Amino acid sequence: MVIEDNGEIGGSGLGKIKDVCPSYYWRSSLPILRAYHTDPKFTAFFGILDVLSTVPKEDIYEEEKPVDEPKKEPDEEIEIEYDLETEQQYYAAEWIKDIPTPVLYRMTVAGKRVYYEMGADGYPIIYDGATNNIANGYCDTSGALEKWKNEMRLKGKDPDEYANYRADLGTIMHYLFGLYLTGVKIKLIPTWIRKAVKEAKLRIDKYRMERILVDNIDELIEDLISFAIFCKERHVKPVLIEKMLRSSRLKVASSVDAVVEMDSEPETVEIEVETGEFYKTGAKKGQPKTEKKKIKRCRRIFAILDFKSNRKGNFYDEYAFQLELYRRMIMENYGKILEIEEIYNFAPGDPTAKTSQYKLKRQTDNPILNMATVVYLQGKYKFEKTNYTVTSRIGSLDIESDFELNNLIRKESLRDYIYRIMSERIG
């Protein structure tokens, strides 16, 4: 890896990288729009393509309206209190991009992430999020979480706010890693990083974003260098990034950080090598002599990477369950086309250290995964017993007019709410 004098870091083994974002495949899952955008001007990994921005202003004709034309007021204004996403954006390598998978959407209800796909009857099929499924299905008897919360309170810190802050920091780190993997030439300059993150329209708290981009900007840059070292050492190439997948059997869905092609751990194999001598007699006369020799070599494999921003490298049991769930979802959706051999947690380290420049935790053979199926099924059982109700405030208040409370507050099931919103957007 070479960091140039202008503070730029190159791509991840994808060849020579230009100053502009190279073509890569970005998919919008809106029913009306399903296209692959390869415009080199489209540089944001999670950006929204603004078609009008590519049209010269002089070519846009705006019809003049009479000055005295009254504005038409909508019949009702609906305040949606729930974070509803109706666009799916992800990277897919060219050889796998056309393999059909269910179109998934996601939303946050009561602080929990849920996913859904639209069924043939027009109603949504709702799935639990992976994190919630594991939290409901696995009971950590060590008490590590409560111990950590108590330690944070003793330090005068709110553990929930700190956790949210670190989660938003992790979201930004994920985004930057995605840019690097897809070949964007990243400048290791705070102003460049800040601009790229702010233009990405990430779904995180704006106040915390501002704090992170000031207080943690050096950490983010070092995280990028640490990740670049790992990618160079293992010759990492992206297959899928931030792809939403679901398991219909387990009623769970999630966005997978990264599926990559990379070098495996070094393996010891036995091969035959020529000694330089030849047989002088017998049936093998004139043929070279060989001997068995053990060597170490790497294979090219498909692996799942789940990124963690914790530099201490504390990898918990829940992380292993999360990776195994991703593996099962990939197997259910892609089958033998994309056979996953290894699952890893990645956490950045100190890029200037002689050792531990990054932390890679292999979770493939973690013994805790022997109980994975039980954990997932218990989580599924709890989810199916949960009834989510969505409350929307509608209409308006006027001191001169009467109103009915039932006409101002609308309560409906999550399934009916999604059906109504999607019908309004499509129709």
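Residues numbered from 1 in each chain as written. Predicted model: local features only at pLDDT ≥ 70, side-chain atom pairs only at ≥ 80, totals over all residues. Heavy atoms only, no water.

### Some details on the overall build of the chain
Counting its secondary structure elements, the chain contains 10 helices and 16 strands. Every one of the 427 residues in the chain was classed for burial, and the buried ones make up 42%. For the chain, long-range pairs separated by at least 24 residues make up 68% of all intrachain contacts whose partners lie at least 6 apart in sequence. With an accessible surface of roughly 25100 Å², the chain has 50% of that area assigned to carbon and sulfur atoms. (Helix = DSSP H or I, 4+ residues; strand = E, 2+ residues; numbered from the N terminus. Buried < 20%, exposed > 50% of the residue type's maximum accessible area, 1.4 Å probe, protein only. Contact = heavy atoms within 4.5 Å. Areas by Shrake-Rupley, 256 points an atom, 1.4 Å probe, with all protein chains shown as cover.)

### Considering unusual backbone geometry
With the exception of glycine, most residues fall at negative phi, and the peptide bonds are largely trans. A positive phi is found at His235, a non-glycine position, where the angle reads about 50°. According to the relative accessible area criterion, His235 is partly exposed, its value standing at 48%. Of note in this structure, Glu242 is not a glycine but carries a positive phi near 55°. Position of Glu242 relative to the elements: it lies in strand E8 (residues 237–247).

### Notes on the environment of Glu412
Counting through the fold element by element, Glu412 comes out in strand E16 (residues 409–413). Between the C-alpha atom of Glu412 and that of Ser392, which follows or precedes it by 20 residues, the distance is 8.5 Å. The contact partners of Glu412, leaving out residues within four places of it in the chain, are Tyr388, Thr389, Val390, Ser392, Tyr417 and Arg420. In this structure the side chain of Glu412 is engaged in a polar contact, spanning 2.5 Å, whose partner is the side chain of Arg420. (Polar contact = N/O pair within 3.5 Å; in protein donor to acceptor, adjacent residues only side chain to side chain.)

### Some points on the packing of aromatic side chains
All chains considered together, the criterion is met by 17 aromatic pairs. Ring centres of Phe177 and Phe346 lie 6.0 Å apart, and the angle between their planes is 75°; on these two criteria the pair is classed as edge-to-face. Of the two residues, Phe177 is situated in helix H3 (residues 159–181) and Phe346 in strand E13 (residues 342–348); the sequence distance between them amounts to 169 residues. The exposure class assigned to Phe346 is buried, which follows from its relative accessible area of 0%. When the centroid spacing of 5.3 Å and the interplanar angle of 80° are considered together, the rings of Phe227 and Phe307 count as edge-to-face. One end of the pair, Phe227, is in helix H6 (residues 217–234); the other, Phe307, is in strand E12 (residues 300–307), with 80 residues separating them in the sequence. The buried category is assigned to Phe227, whose relative accessible area is 0%. Note on Phe307: relative accessible area 5%, which makes it buried. By way of ring pairs, the aromatic residues Phe177, Tyr180, Phe227, Phe230, Phe307, Phe346 and Tyr358 are connected into one cluster. In this arrangement the basic side chain of Lys251 is found over the ring face of Tyr127, its NZ or CZ atom lying 5.2 Å from the centre. It is Lys289 that lies over the ring of Tyr279; its NZ or CZ is 5.5 Å from the centre. (Phe/Tyr/Trp six-rings, centres within 6.5 Å; stacked < 30°, edge-to-face > 60°. Lys NZ or Arg CZ within 6 Å of the ring centre and 35° of its normal.)

Taken by themselves, the reported measurements are silent on function.
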